[in-house]
Amino acid sequence: MRGPAVSRAARAAGAAWVLLGSLAAASVAQAPSSADTGAAVESPFDLVVANGRVIDPETGLDGVRSVGIRDGRIEAISLTPLLGKKVLDASGLVVAPGFIDLHAHGQDLPAARMQAFDGVTTALELESGTLPVAVAYERVAREGRPINYGFSASWLFARIAEKEGMEPTGAVTFFQDAQRRKGWQHTLASPEETARIIARVERGLQEGALGIGVLAGYAPGYGRKEAFAVALLAARVGVPAFTHVRYNSVIEPQSSFEAIAEIVSLAAATGARMHIHHLNSTSTRDIPRIAELLRGAQGRGLRITTEAYPYGAGSTVVGAELFRGNWRERLGGATAGDIELRGVPFNDSTLAEAQEKTPGEWIIAHYLRPDRSAADQDYLDQSVLFPGGAIASDAMPWTSKGQPVTGDAWPLPADAFAHPRSAGTFTRFLRDYVRERQKVPLQEGLRRITLIPARILEGSVPQMKRKGRLQVGADADVVAFDLATVSERGTYTQPNQTAVGMRYVIVNGAPVIRDGVLVREALPGRAIRRPVTTR
Ligand SMILES: [Zn+2]
């Protein structure tokens, strides 16, 4: 649908439509590229983002342009002013594709709003994934979202279901509740059980899941043959396996290195695309050797991708296998004090008590201390800047008084808590790695949060070919931010603070952040989903 045509008289009078833009801005821009179109369009665009520094990581465009949006798509990127029913002045701002987060566990409305302030326009739960997949998509569609959403099919949920007789609910609380059971983390699956686990996962893929979520690190005792069966399914269906690797340890055996070597072998043997989540938190101080392993595998053509988040602490349930046995040694000299519950460090006895009584409680664990150690900062940088890697948040659900914060709650309750990455991963990356320490140029920094994650998915998810780009024909998921001030604000003790610097966040053509303020009624987010092949 096109907007109503506007007469030249009306345009000349300037009465009907807003016309912004200055020749001065246009004249300093680069020579027109093939992306420059639209100046001659007669009818106004639904929305124009005017005079920003437009950057597209795929074509390399970096110049002052106006962006014309109609019916949720980008229809023009112009050196000359564009006519819009609404015009947002982006002078002095960077205008980029909306950020794509491959790793977002907080699939509730409050979590999505916090991520919108961080510039995220697509937040996907791929590492855990969910089951039943159709139930999760229907729940989110019913509630509505400001940003795009989607899920993988959860291998771990399928395993828990078969091992414990618990039926998954399509919610993350299923995973928390399962922490009280002890059978699924270390027992092998029989061939019959494996077949049933695979069938459950395949059903999720038939319901449109984006890949297979493999939380291997939470059930490190599962069999190699089961892992092989999961990778074979990924290869057969043609979707990636999104993996939290089996082990987290700097010492052998059962090291992080060994776990990533397993991913390499699965990719080699099956041809499956294997994605490794949070390279930072599973590699920790062994990243130099792990990076060499990964580069070697990639250089020989194996389809392995990865991501990291720019924090030295992780977040998980206190009952996780990661904190069992000789975990202190395996994490390179960690102590109970490196684990915090809502800002309060544990000691050995309070940790043991929490593991026993409240194993599903979310905690924060410092595995690197970049604030205290230059060496640790360097380890973190090696993961965050791994060549070709994406940035992804691992954003967590928000909780208040032990309960998840869900529904149309805004602002979040004052005591709402989550790892600060849930509100600040992308703005922190832009502040710290691009602006302050200048570890990557802006163009490359944006590439890691837009185009690279889109490409990881687009081989099996056609919708992603229209995301992560600021080009004519792309979905109008667009951010406009102030590079001089963009920053996270949340901390490990005070995480409930929205990021700053995002002036406009536009999703499918509709602003969800406008002049830095949430447009509360705006819920333009759409499902990212593969075609459903079963009923
Ligand atoms: Zn994880």
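Scroll up for the structure.
Bear in mind the structure is a predicted one, so any value in this text is a computation, not a measurement. (Residues numbered from 1 in each chain as written. Predicted model: local features only at pLDDT ≥ 70, side-chain atom pairs only at ≥ 80, totals over all residues. Heavy atoms only, no water.)

1. Describing the overall build of the chain
The number of helices and strands found in the chain is 17 helices and 24 strands. Compactness check: the chain gives a C-alpha radius of gyration of 23 Å against a globular reference of 24 Å for 535 residues, within 12% of the reference. Across its three principal axes, the chain shows a C-alpha extent of roughly 75 × 50 × 50 Å. A burial count over the chain gives 61% of its 535 residues as buried. Look at the contacts in the chain between residues 6 or more apart in sequence, and 75% of them connect residues 24 or more apart. Split by element, the accessible area of the chain, about 19500 Å² in all, is 53% carbon and sulfur. Side chains of the chain give 60 positive and 56 negative charges; the mean places of these two sets differ by 3 Å. (Helix = DSSP H or I, 4+ residues; strand = E, 2+ residues; numbered from the N terminus. Rg over C-alpha atoms; globule rule 2.2 N^0.38 Å. Buried < 20%, exposed > 50% of the residue type's maximum accessible area, 1.4 Å probe, protein only. Contact = heavy atoms within 4.5 Å. Areas by Shrake-Rupley, 256 points an atom, 1.4 Å probe, with all protein chains shown as cover. Lys, Arg positive; Asp, Glu negative; His and termini not counted. Charge placed at Lys NZ, Arg CZ, Asp CG, Glu CD.)

2. Remarks on the nonpolar core
Core analysis: the largest hydrophobic core is formed by 136 residues, its most contacted members being W155, I212, L430, L446 and F481. For F481, the residues in contact, after removing those within four places along its chain, are L93, V94, A96, F99, L430, L442, L446, V486, G501, M502 and R503. The next biggest cluster of nonpolar side chains, apart from the first, holds 19 residues, and it includes I74, L470, A480 and I506. (Core = buried A, V, L, I, M, F, W, Y, C linked by side-chain atoms within 4.5 Å.)

3. Regarding the coordination of the zinc ion
Every protein donor of the zinc ion is accounted for by E127 (OE), H244 (ND1) and H278 (NE2), and the metal-donor separations fall at 1.8 to 2.3 Å. Here the donor residues of the zinc ion are spaced in sequence according to E-x116-H-x33-H. Of this pair, E127 sits in strand β8 (residues 120-130) while H278 sits in the loop between β12 (274-276) and α10 (279-283), and the two are 151 residues apart along the sequence. (Donors = N, O, S within 2.8 Å, 3.2 Å for Na, K, Ca; no water.)

4. Digging into the pairing of strand β4 (residues 73-78)
Taken residue by residue, a regular strand's side chains alternate between the two faces of the sheet. Strand direction decides the pairing type here: strand β3 (residues 62-70) and β4, joined by five bridges, are antiparallel. Along β4, the bridge assignment pairs V67 with I77. (Pairing = 2+ DSSP bridges.)

5. So, the pattern of salt bridges
Per the stated rule, a full pass over the model turns up 40 salt bridges. Salt bridges sharing common partners tie together R73, R466, K467, D475 and D477. (Salt bridge = Lys/Arg side-chain N within 4 Å of Asp/Glu carboxyl O.)

6. Re the packing of helix α15 (residues 421-436) against helix α16 (residues 442-449)
With their axes 11 Å apart at the nearest point, α15 and α16 run at an angle of 155° to one another. In terms of their interaxial angle, α15 and α16 are classed as roughly antiparallel. Relative to α16, the crossing made by α15 is right-handed. The segment α15 lies against α16, with F426, F429, L430 and V434 engaging L442, G445, L446, R448 and I449. Class assignment for the residues of the contact of α15 with α16 results in seven nonpolar, one polar and one charged. (Axes fitted to C-alpha atoms, helices over the stretch in contact; angles between N-to-C directions. Parallel < 35°, antiparallel > 145°, perpendicular 65-115°, else oblique. Left-handed = near helix turned anticlockwise from the far one by under 90°. Nonpolar A, V, L, I, M, F, W, Y, C, P; charged D, E, K, R; others polar.)

7. What about the sheet that holds strand β13 (residues 304-308)?
Taken in spatial order, the eight strands make up an open sheet running β7-β8-β9-β10-β11-β12-β13-β18, and their pairing is parallel. Since the sheet does not close on itself, it has two edges, and those belong to β7 (99-101) and β18 (390-391), each with one partner.

8. Notes on the sheet that holds strand β16 (residues 344-345)
In spatial order, the strands read β14-β17-β15-β16; together these four strands make up an open sheet with antiparallel pairing. Whereas interior strands pair on both sides, the edge strands pair on one side only; in this sheet they are β14 (313-317) and β16. Note: strand β15 (residues 339-341) against strand β17 (residues 362-366), two bridges, orientation antiparallel. The residue bridging I339 from the neighbouring strand is A365, located in β17.

9. Digging into the side chain of S256
As for its placement among the helices and strands, S256 is situated in helix α9 (residues 256-270). By relative accessible area, which is 1% here, S256 ends up buried. Those residues in contact with S256, other than ones at most four positions away along the chain, are Y247, N248, S249, T282 and I290.

10. Some points on unusual backbone geometry
Across residues other than glycine, the phi torsion is negative in most instances, and most of the peptide bonds are trans. Put simply, L131 and P132 share a cis peptide bond, and its omega is -15°. By the secondary structure assignment, P132 is in the loop between β8 and α4 (133-143). The peptide bond linking W410 to P411 adopts the cis configuration, its omega dihedral lying at -5°. With respect to the helices, strands and loops of the structure, P411 is situated in the loop between β20 (403-404) and α15. Backbone geometry places D71, a non-glycine residue, at a positive phi of 50°. Within the secondary structure, D71 sits in the loop between β3 and β4. Notably, D394 is not glycine yet its phi reads approximately 60°, a positive angle. Of note, D394 is situated in the loop between β18 and β19 (399-400). Owing to a relative accessible area of 4%, D394 belongs among the buried residues under this scheme.

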